[in-house]
Amino acid sequence: MRARDLGAEVGWERSRLSHQISRMEKRGLVTREACADDARGSMVRLTEKGRDAIDAATPKHEEYVRKLVFDPLTAEETHLFGDLMGRILDSVERNAR
């Protein structure tokens, strides 16, 4: 992904994003490459080690979210929560245009 697009996606200023990408590069999680379309731009690519880190974190993250968000809810409340989140996401998408 282009670095500027990544920054826009996460809502970070260029400096903050650059520092984070540098830290992730040092850990071998991403690489920064020249952009073929624009010599001034850069592409951020996830490395195999980065993908492995995401894959390793996913089960614990899912377990934690389930424990904190869904386990305290009844089946009916979970369904209602899903409906409400769907309406909120629809609103976000409509207003992001």
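Residues numbered from 1 in each chain as written. Predicted model: local features only at pLDDT ≥ 70, side-chain atom pairs only at ≥ 80, totals over all residues. Heavy atoms only, no water.

Here we come to the packing of aromatic side chains. This structure, assessed with the given rule, holds 1 aromatic pair. Measuring from centroid to centroid gives 5.8 Å for Phe70 and Phe81, while their planes differ by 80°, and the two rings are edge-to-face. Of this pair, Phe70 sits in helix H3 (residues 48-70) while Phe81 sits in helix H4 (residues 75-95), placing them 11 residues apart in sequence. (Phe/Tyr/Trp six-rings, centres within 6.5 Å; stacked < 30°, edge-to-face > 60°. Helix = DSSP H or I, 4+ residues; strand = E, 2+ residues; numbered from the N terminus.)

Let us now look at the environment of Val30. The topology assignment puts Val30 in strand E1 (residues 30-34). Contact partners of Val30, with chain neighbours within four places excluded, come to Ile21, Met24, Glu25, Val44, Arg45, Leu46 and Thr47. (Contact = heavy atoms within 4.5 Å.)

Let us now look at the confidence of the model for the protein. Of all residues in the protein, 99% attain a pLDDT of 70 or more, and the chain-wide mean is 93. Mean pLDDT across the elements of the protein bottoms out in helix H1 (residues 3-10) (91) and peaks in H3 (96). (pLDDT = per-residue confidence, 0-100.)

The end-to-end C-alpha separation of H3 is 32 Å, in line with the 33 Å expected for 23 residues at 1.5 Å each. The largest bend along H3 reaches roughly 35° and is located at Thr58, with the proline Pro59 sitting one to four residues downstream. (Expected span 1.5 Å × (residues − 1). Bend = angle between axes of the 7 residues up to and from the residue.)

Attention now goes to a nonpolar patch on the surface. Taken together, the side chains of Tyr64, Leu68, Val69, Phe70, Phe81, Met85, Ile88 and Val92 define a hydrophobic patch exposed on the protein surface, amounting to about 700 Å² of accessible area. Mapped onto the nonpolar patch, the elements with two or more residues apiece are H3 and H4. You can see Ile88 is positioned in helix H4. (Patch = residues over 30% accessible without salt bridge, like charges linked within 9 Å, V, L, I, M, F, W, Y side chains within 5 Å. Areas by Shrake-Rupley, 256 points an atom, 1.4 Å probe, with all protein chains shown as cover. Salt bridge = Lys/Arg side-chain N within 4 Å of Asp/Glu carboxyl O.)

Following the criterion strictly, the structure yields 4 salt bridges and no others. For Arg32, the salt bridge identified is with Glu25, shortest N-O distance 2.9 Å. For Asp55, the salt bridge is made with Arg51, and the minimal N-O distance between the two is 3.8 Å. Within this pair, Asp55 and its partner Arg51 are both found in helix H3, separated by 4 residues, close to a single helical turn. Residue classification places Asp55 among the partly exposed residues on the basis of a relative accessible area of 42%. (Buried < 20%, exposed > 50% of the residue type's maximum accessible area, 1.4 Å probe, protein only.)

What follows covers the side chain of Thr47. With respect to the helices and strands, the residue Thr47 is situated in the loop between strand E2 (42-46) and H3. Residue classification places Thr47 among the buried residues on the basis of a relative accessible area of 19%. One polar contact links the side chain of Thr47 to the main-chain carbonyl oxygen of Gly28, over a distance of 2.5 Å. Dropping the residues within four chain positions of it, Thr47 is found in contact with Gly28, Leu29, Val30 and Thr31. (Polar contact = N/O pair within 3.5 Å; in protein donor to acceptor, adjacent residues only side chain to side chain.)

Here the focus is the side chain of Arg2. The topology assignment puts Arg2 in the segment before H1. Looking at Arg2, the relative accessible area reads 16%, which means it is buried. The contacts of Arg2, once residues within four sequence positions are left out, are Cys35, Asp38, Gly41, Ser42 and Met43.

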